[in-house]
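# A look at the structure
Residues per chain, in single letters:
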Amino acid sequence: MGKSAQLLVNMHRDAGTPVSDAALSRLIGYNLKRSFNGIYIDLAEVLRPFGLRMITFTILTMLKENPGIRLSRLAAAIDMEKPNMVAVIDELASRALVTRSADPYDKRVRQLHLTETGATLQGFAYAEVCAHEDSFLQHLDGDERALLIALLSRIRQGAGNGT
C-alpha cells in the first residue's frame, strides 16, 4: 500500500474523523437496507420472548389471514422456496402452532391452519410488533406512514414481487 493510501486508511481509523456515506445515502436501496437493519435487530428482540423469528411470525400472521392456504401458495406469497417453507411449517407444527389438513377438493394437497395456541401467540406477538413499529416510527404522522407503506408497495411491485 502506498503512503497516500495508508494515510487515508489511518485517517478513517481515527475516531474523531467522520466517515462519509454521502454518495450511498442518495441511493434508495442503501437507505432501505440501513433502515431494515435497525428495524430487524430490534424486531428480533421483540419476537424472542415468543420463541419466534421474523419468518415464523410472518407465516403465523399469513395463516391467520389465509386459513386453509396451501403450502405452495403461502411459499409463493412470501417469496420463499418450498423446501424451506416445509422446514418452517414442520417447526411450527412441532410446537403445536400450526396444523395440516387434507384439502376437501384434492386429498393430495394439505391445507395449513393455525391452532388455537398459534392464533393466541400470533395475536400477542402482533400487538408487540405493532408497538415496536409505533416506537421506531414515532417521528412520522399517520399520513406519512400511509405514504411510506404505499411507496414501498409500489417499489415491491416494480421489482416484480407484487405480493
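Look up a bit, the structure's there.
One structure accompanies this document, and this report is about it. Predicted, not measured: the structure shown is a model, and the values here were computed from it.

Time to look at the pattern of salt bridges. Under the defined criterion, the tally for this structure stands at seven salt bridges. For Arg-53, the salt bridge goes to Glu-91, with nearest N and O atoms at 2.9 Å. Here Arg-53 is found in the loop between α3 (28-47) and α4 (54-65), whereas its partner Glu-91 is found in helix α6 (residues 82-94), with 38 residues between them in sequence. You can call Glu-91 partly exposed: its relative accessible area is 25%. Salt-bridge contacts for Asp-106 lead to Arg-108; the nearest nitrogen and oxygen are separated by 2.9 Å. The exposed category is assigned to Arg-108, whose relative accessible area is 73%.

On to the packing of aromatic side chains. Considering all chains together, one arrives at two aromatic pairs under this definition. With 6.2 Å between their ring centres and 20 degrees between their planes, Phe-57 and Tyr-126 make a pair best called stacked. With Phe-57 in helix α4 and Tyr-126 in helix α7 (residues 116-136), this pair connects stretches of sequence that are 69 residues apart. For Phe-57, a relative accessible area of 9% corresponds to the buried category. The exposure class assigned to Tyr-126 is partly exposed, which follows from its relative accessible area of 41%.

Reading guide: rules and limits
Residues numbered from 1 in each chain as written. Predicted model: local features only at pLDDT ≥ 70, side-chain atom pairs only at ≥ 80, totals over all residues. Heavy atoms only, no water. Salt bridge = Lys/Arg side-chain N within 4 Å of Asp/Glu carboxyl O. Helix = DSSP H or I, 4+ residues; strand = E, 2+ residues; numbered from the N terminus. Buried < 20%, exposed > 50% of the residue type's maximum accessible area, 1.4 Å probe, protein only. Phe/Tyr/Trp six-rings, centres within 6.5 Å; stacked < 30°, edge-to-face > 60°.

Purely spatial values, then, with no claim about function.
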